[in-house]
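# Analysis of the macromolecular model
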Amino acid sequence: MSTTLPQPTTCKPDTAIYERRESAVRSYARSMPRQFNKAEDVWMHDNQGGRYLDFLSGCSTLNYGHNHPVLKSALMDYIAANGITHGLDLHTDAKEAFLDTLETVILRPRGLNYRAMFTGPTGTNAVEAAIKLARKVTGRELVIAFTNGFHGMTLGALACTGNATKRGGAGVPLSHVAHEPYDGYHGPDVDTAELLERRLADPSSGLDAPAAILVETVQGEGGLNVASAPWLRRIAAIARRHGALMIVDDIQAGCGRTGGFFSFEDMGFVPDIVTMAKSLSGMGLPFALALFRPELDQWSPGEHNGTFRGNNHAFVTAAAALRHFWSDGQFQQDVARRSGMLERRLDAMAAEHGLSTRGRGMMRGIDLGSGEIAGTVTATCFERGLIIETSGAHDEVVKVLAPLVIDDALLSAGLDILESSIRETLATPYGVAAE
Ligand SMILES: *Cc1c(COP(=O)(O)O)cnc(C)c1O
């Protein structure tokens, strides 16, 4: 048996219990009809002995792979010593160690002075906290978000999300947000930062003065659209000029996915507020954070609350991840090399078929032009043992979110599967493949 290739199984598990008892809202389980029972490094295993290469990484929650031995033993030691599991927002050894590590490994070397707010453990809660804080501090209501942005599923964050299907689930009006065109939305010749500046400067444009401008530097769910550094600097300057706070939602693009710990590093601006979640705990444990300038920390105690703020197990694994991966430059060098490989391989696939690529760093994909074709490609990949998903307004972009720790040969092997799946899908007259 090869040790480097996926070994998918074809046997579909009995899903009766899920159909009978689990809500129809489940989604990923439908496109990957297996029952998974173990995961290690870049692999997921099903309970029939199958093995899948994971190019989804829990939507970028598992940037360091599954059950990384350093994180796992830190957590096991902590639990074995009866470390605090739940402590509301009390001071704990685990929290202190996390904050110390965040300060010394991440913030100080980058010249960043942020306070850390532990929100409820999901990304959407960090976004809720960020926009609430911006509204509180500025006394304004409007948040400017962007076309194709994705910020979460609770009402405040959902109002900032573009996708109509997701928005449709709200059941109430989603208000106090304006969705402005993202970088490149009107093609390369229209400067959408200039459009925004013109509208904000015009007292008759109908666009109110915003509390915040909320932006992803790479739109993770919205099709891997990339904002350029000059565009982001202009957005930061516009926010400052108009008395609004700039919030970078780094929930998917941060934690190394685009190369640096933050996706905006070295771009020449500093966001007022940053939201983090997904790979922050490093091990897939729920953990979210809003970071902001100390002057903005105008909360009164408990004003944004939650029972599960500061997951102590996540503090342990997050601190271990920061120490292990971010204390020196080795990991970033490896990620940069893998990003280059990924870029070259995707560019070659795109050139072969006259398609285009999207994304930045280890957050890249290929635009197949339609959700049906992209869905056929990801289904074909899955049959061959590669877990991969789509992104974009029409799910038209096949998105590679390989673990950042993947070894180069395995990255290449996974991309071989993607390449052949695209080739075969596009060679099959469309409509025939679906039958
Ligand atoms: C996933 C994601 C969120 C929401 O995080 P949850 O943990 O699913 O609530 C918000 N913003 C971005 C950019 C995301 O990718």
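Cut-offs applied
Residues numbered from 1 in each chain as written. Predicted model: local features only at pLDDT ≥ 70, side-chain atom pairs only at ≥ 80, totals over all residues. Heavy atoms only, no water. Helix = DSSP H or I, 4+ residues; strand = E, 2+ residues; numbered from the N terminus. Buried < 20%, exposed > 50% of the residue type's maximum accessible area, 1.4 Å probe, protein only. Areas by Shrake-Rupley, 256 points an atom, 1.4 Å probe, with all protein chains shown as cover. Axes fitted to C-alpha atoms, helices over the stretch in contact; angles between N-to-C directions. Parallel < 35°, antiparallel > 145°, perpendicular 65-115°, else oblique. Contact = heavy atoms within 4.5 Å. Nonpolar A, V, L, I, M, F, W, Y, C, P; charged D, E, K, R; others polar. Pairing = 2+ DSSP bridges. Expected span 1.5 Å × (residues − 1). Near = heavy atom within 4 Å. Polar contact = N/O pair within 3.5 Å; in protein donor to acceptor, adjacent residues only side chain to side chain. Left-handed = near helix turned anticlockwise from the far one by under 90°.

### Some remarks on the overall build of the chain
Assigned secondary structure in the chain consists of 14 helices and 15 strands. Taking the principal axes of its C-alpha atoms as reference, the chain extends roughly 60 × 60 × 45 Å. Buried residues in the chain amount to 53% of all 435 residues. With an accessible surface of roughly 18,900 Å², the chain has 51% of that area assigned to carbon and sulfur atoms.

### With respect to the packing of helix α9 (residues 192–201) against helix α10 (residues 229–241)
Running from N to C, α9 and α10 cross one another at 10°; their axes reach a closest spacing of 9 Å. Taken together, the axes of α9 and α10 are roughly parallel relative to one another. Residues Thr192, Ala193, Glu194, Leu196, Glu197 and Leu200 of α9 form the contact with α10, whose own contacting residues are Trp231, Arg234, Ile235, Ile238 and Arg241. Here the residues of the contact of α9 with α10 sort into 6 nonpolar, 1 polar and 4 charged.

### Details of the side chain of Thr378
Considering the arrangement of structural elements, one finds Thr378 in helix α13 (residues 371–383). Since its relative accessible area comes to 11%, Thr378 is described here as buried.

### Some points on the sheet that holds strand β14 (residues 389–391)
With antiparallel pairing, 4 strands are arranged side by side in an open sheet as β11-β12-β15-β14. Looking at the sheet topology across the chains shown, the edges are occupied by β11 (356–360) and β14. Averaged over all neighbouring strand pairs, the angle between strand axes comes to 35°, with direction disregarded. Inspection of the sheet shows β14 paired to strand β15 (residues 397–400) by 3 bridges, in the antiparallel sense. Residue Ser391 lies in a different strand from β15, and its bridge partner there is Val397.

### With respect to helix α12 (residues 330–353)
Side chains that are three or four residues apart share a direction in an α-helix, a result of its 3.6 residues per turn. With 24 residues, α12 extends 35 Å from end C-alpha to end C-alpha; this agrees with the ideal 34 Å at 1.5 Å per step. Listing the buried residues of α12 in full gives Phe331, Asp334, Val335, Arg338, Ser339, Gly340, Met341, Leu342, Arg345, Leu346, Met349 and Ala350. Summarising the contacts, the buried residues of α12 are in contact with α11 (312–326), β11, β12 (363–367), β15 and α14 (408–427).

### Overview of the site of the ligand
In the vicinity of the ligand, the contacting residues are Thr122, Gly123, Thr124, Phe150, His151, Gly152, Glu216, Asp249, Ile251, Gln252 and Lys278. Here an oxygen atom of the ligand and a backbone polar atom of Thr124 are 2.8 Å apart. Separating an oxygen atom of the ligand from a side-chain N or O atom of Gln252 is a distance of 2.8 Å. Relative to its unbound accessible surface of 380 Å², the ligand loses 82% to contact with the protein.

### Let's talk about the packing of α12 against α14
Following both chains from N to C, one finds α12 and α14 inclined at 15°, their axes separated by 11 Å at the closest point. On the basis of their axis angle, the class for α12 and α14 is roughly parallel. Where α12 crosses over α14, the handedness of that crossing is right-handed. Residue-level inspection shows Arg337, Arg338, Met341, Leu342, Arg345, Leu346, Met349, Glu352 and His353 of α12 in contact with α14, the latter providing Asp408, Leu411, Ser412, Leu415, Asp416, Leu418, Glu419, Ile422, Arg423 and Leu426. Taken together, the residues that form the contact of α12 with α14 break down as 9 nonpolar, 2 polar and 8 charged.

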